[in-house]
Amino acid sequence: MAINLDISEAPIRESRLGAITGYSGTLKDLVARTGCGATIKNCERTFSQTSSCSSGCAQTLLANIADAAIVNHAPIGCAGDTVYHNIANHYGRFYRELGNRNIQLINTNMEESDTVFGGNEKLRDGILEAWRRFSPKAIFVTTSCASGIIGDDIKGVISELGDDVPVPVIPVSCEGFRSKVWASGFDAAFHAVLTGIVKPPRQKQPNLVNMVNFRGSARDYVRRLFGEIGLEPRFIVPFATVEELETISEAAVTATVCTTLGSYIGTALEEQYGVPYVKTIPPHGFVGIEAWLRGIGAAVGKQADVEQLIERERAATSADLEEIRRRLKGKRAVLGMGPSYAQSYLGVLDELGIEVLHAASWHYDQQYDYGEQPPAILRAASREKDISFSVGDQQLYEIGNTLSRLKPDIYFSRHPGSSVWAAKLGITAVPVIDEYTAFGHHGLVNFGWRIIDAVTNRNFVNRLAGWVKLPYSSWWYEQDPYSFLERGEV
Ligand code: SF4
């Protein structure tokens, strides 16, 4: 089996999937050098800007489980992302009519003395306080560089608690220093859910689809699509309850909106409980949603229903798409996103008639947990035209330089912290923050109209660029954007 649920922590993506964070070349070159059992060596950087860490990724999933709590065993600075997680929590709870409350998270506030004398006491107090304050159905203990480096005995502390905390208390190994690939934190969170929460199936639920996603904004749209073929989605893991997570082993199929996110849990559920995992390209754009729905249909024996659904959805949106393509003709773009979205959006922008000059992927998995190359990059590489492609953990100095050289009409990014640099350069920036942007036929045309709005009204970026002084000197703009990447041996 590819995924071992008998060990206490998920191996990091570098060792499990051959993930890299440093590459510069072309899309076809990258695919050719990582296919058929070949592997490519990561190129290190001699200069690096700050980036994200696994701990934030683990907590972005776990902090929004409806009735769980988190004890973040870390210095207070590691909990900085909590503000963002809490905003997402408030939005999510509001739209689901769950009532207004903050996320249930305690940080143990490790200080210098704890790194000398150990932080076990603080951890124990933190878990007891989380139980006293929130009465959660489960407690996740997320680790940090500090608690990992000094070797605090997380499992020992948990086992000593015994009946004092009568719910599962589950360690989540997401120390930032373990992996340069922040998505390793997703796997750490899923490993904790799979080993500490999920139970073997009591009774299979033939219509239930595990829908692995982040915030689940398009729930009504997904429910309608699934409902038309007799299926019902369960959105996991944010905003699911612990009880719902216990039974995901009973689902008929697991699907995901993001293949970077879904690879670990989808493969584990397939291997461990026989729940098929849909391994198609992500459901963005006409091509993506059709492949994805066909994958779901094949897994549950509803192929004919899926074909009829696709026909109806296409008929309702094709005329719009044609008009959008006419209006976006000649537009050129750069995109910078996590790997699943970077690869998927190469297809999306192709469908919208936008030419991509360069794609930057925040990391690259040479294969997924089920042992195959990501299908979306294979699709992109099968096109006749090659494009320039880079891999970097959101190194914004590289993106800024690339944008200033290529001067695209539009910059697409999943992360607003990256989009803002394009806007400051006077380039129209379209952040794709919502994971369901361009989801399905209707999502693609909505996205197309949004892009037309953005390129039509450039007042904001024009003004911003006129006022902002960027920190980079002409010396940097004259360098190759990837000149700090060691590209000797591959
Ligand atoms: S876990 Fe490590 S990398 Fe992550 S925020 Fe804390 S100190 Fe930084």
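So, how was this worked out
- Residues numbered from 1 in each chain as written.
- Predicted model: local features only at pLDDT ≥ 70, side-chain atom pairs only at ≥ 80, totals over all residues.
- Heavy atoms only, no water.
- Helix = DSSP H or I, 4+ residues; strand = E, 2+ residues; numbered from the N terminus.
- Rg over C-alpha atoms; globule rule 2.2 N^0.38 Å.
- Buried < 20%, exposed > 50% of the residue type's maximum accessible area, 1.4 Å probe, protein only.
- Areas by Shrake-Rupley, 256 points an atom, 1.4 Å probe, with all protein chains shown as cover.
- Pairing = 2+ DSSP bridges.
- Axes fitted to C-alpha atoms, helices over the stretch in contact; angles between N-to-C directions.
- Near = heavy atom within 4 Å.
- Nonpolar A, V, L, I, M, F, W, Y, C, P; charged D, E, K, R; others polar.
- Phe/Tyr/Trp six-rings, centres within 6.5 Å; stacked < 30°, edge-to-face > 60°.
- Lys NZ or Arg CZ within 6 Å of the ring centre and 35° of its normal.
- Parallel < 35°, antiparallel > 145°, perpendicular 65-115°, else oblique.
- Left-handed = near helix turned anticlockwise from the far one by under 90°.
- Contact = heavy atoms within 4.5 Å.
- Domains from an automatic or database assignment.
- Buried area = accessible area lost by both parts, 1.4 Å probe.
- Salt bridge = Lys/Arg side-chain N within 4 Å of Asp/Glu carboxyl O.
- Polar contact = N/O pair within 3.5 Å; in protein donor to acceptor, adjacent residues only side chain to side chain.
- Core = buried A, V, L, I, M, F, W, Y, C linked by side-chain atoms within 4.5 Å.
- Right-handed = clockwise from strand over helix to strand, strands pointing away.
- Expected span 1.5 Å × (residues − 1).
- Bend = angle between axes of the 7 residues up to and from the residue.

Looking only at helices and strands, one finds 21 helices and 13 strands in the protein. Relative to a compact globule of 490 residues, whose C-alpha radius of gyration would be 23 Å, the protein shows 23 Å and is just as compact. Looking at the 490 residues of the protein, the share that counts as buried comes to 57%. Surface summary for the protein: the accessible area is close to 20100 Å², and the carbon and sulfur share equals 52%.

Here the focus is the sheet that holds strand β13 (residues 428–431). With mixed pairing, the 6 strands of this open sheet are ordered in space as β1-β11-β10-β9-β12-β13. Taken across any chain shown, the strands that pair with only one partner, and hence form the sheet edges, are β1 (23–26) and β13. Here the average twist between neighbouring strands, direction ignored, is 20°. Both strand β12 (residues 410–413) and β13 contribute to a ladder of 4 bridges, which runs parallel. Bridge pairing in β13 places I410 opposite T428.

Bringing the site of the ligand into the picture now. Close contacts around the ligand come from C53, C78, S144, C145 and G176, and that covers them all. Tallied by class, the residues present in the shell around the ligand amount to 3 nonpolar, 2 polar and no charged.

Quick look at the packing of aromatic side chains now. Tallying each qualifying case throughout the model produces 19 aromatic pairs. Ring plane angle 65° and centroid distance 5.0 Å describe the contact between F47 and Y397, whose orientation is recorded as edge-to-face. A residue pair is termed long-range when its members are at least 10 positions apart, and F47 in the loop between α2 (27–34) and α3 (54–62) and Y397 in helix α17 (residues 396–406) qualify at 350 residues. Plain terms: the ring middles of W292 and F439 are 5.7 Å apart, the flat faces sit at 85° to each other, and that makes the pair edge-to-face. Note that W292 is positioned in helix α13 (residues 285–300) and F439 in the loop between β13 and α19 (440–456), a separation of 147 residues in sequence. Judged by its relative accessible area of 1%, W292 falls in the buried class. The buried category is assigned to F439, whose relative accessible area is 0%. Joined through ring pairs, the aromatic side chains of F47, Y397, W475, W476 and F484 make up one cluster. A cation sits over an aromatic face here: K279 above Y370, 5.4 Å from the ring centre.

Turning our attention to the packing of α3 against helix α9 (residues 184–196). Orientation of α3 relative to α9, taken along the N-to-C sense of each, is 45°, at an axis distance of 6 Å. Classified by the angle between their axes, α3 and α9 sit oblique to one another. Read as a crossing pair, α3 and α9 show a hand that is right-handed. In this structure, α3 uses S54, C57, A58, T60, L61 and L62 to contact α9, whose residues at the interface are S184, G185, F186, A189, F190 and V193.

Attention shifts here to the domain arrangement of the protein. For the protein, the domain assignment lists domain 1 (20–52 + 317–490), domain 2 (53–196) and domain 3 (208–306). With centres defined by C-alpha atoms, the gap from domain 1 to domain 2 works out at 32 Å. Each partner contributes to the interface: domain 1 provides 8 residues, whereas domain 2 provides 5 residues. Roughly 640 Å² is buried in total at the junction of domain 1 and domain 2, and carbon and sulfur atoms are behind 62% of that figure. It is T21, S52 and H363 in domain 1 that bury the most area against domain 2; as a group they hold 60% of the surface buried on that side. Where domain 1 touches domain 2, the interface holds 1 salt bridge. Its salt-bridge partner being E44, residue K180 comes within 2.6 Å of it at the nearest N-O pair. At the junction of domain 1 with domain 2, the criterion picks out 1 residue pair in polar contact (both at pLDDT 80 or more).

Before going further, it helps to spend a moment on the nonpolar core. If you look at the biggest cluster of nonpolar residues, it comprises 123 residues, and the most contacted ones within it are F140, L352, F412 and F447. Excluding residues that lie within four positions of it along the chain, L352 makes contacts with L321, I324, R325, L328, L444, F447, G448 and I451. L123, I127, L161 and V165 belong to the second largest nonpolar core, which has 16 residues in total.

This paragraph deals with the pattern of salt bridges. For the structure on display, the rule yields 27 salt bridges. For K279, the salt bridge goes to E270, with nearest N and O atoms at 2.9 Å. K279 gets classed as partly exposed once you look at its relative accessible area, which sits at 28%. When the shortest N-O distance is used, the salt bridge between R327 and E323 registers 2.9 Å.

The side-chain alternation of β13 yields one buried face, formed by T428 and V430, and one unburied face, formed by A429 and P431. Regarding topology, helix α18 (residues 416–424) serves as the crossover connection from β12 to the parallel β13, and that connection is right-handed.

With an omega of -10°, the peptide bond between I236 and V237 qualifies as cis. Considering the arrangement of structural elements, one finds V237 in the loop between β7 (232–236) and α11 (242–246). Not every positive phi belongs to a glycine, and K407 is a case in point at roughly 45°. Take K407: it is sitting in the loop between α17 and β12.

To continue, consider helix α12 (residues 259–273). For α12, built from 15 residues, the straight-helix expectation of 21 Å at 1.5 Å per residue is met to within 8% by its first-to-last C-alpha distance of 20 Å. At I265, α12 is deflected by roughly 25°, the largest bend along its length. Summarising burial for α12: 12 of the 15 residues are buried, a large majority. The positive-phi residue at the C-terminal boundary of α12 is G274, with phi of around 70°.

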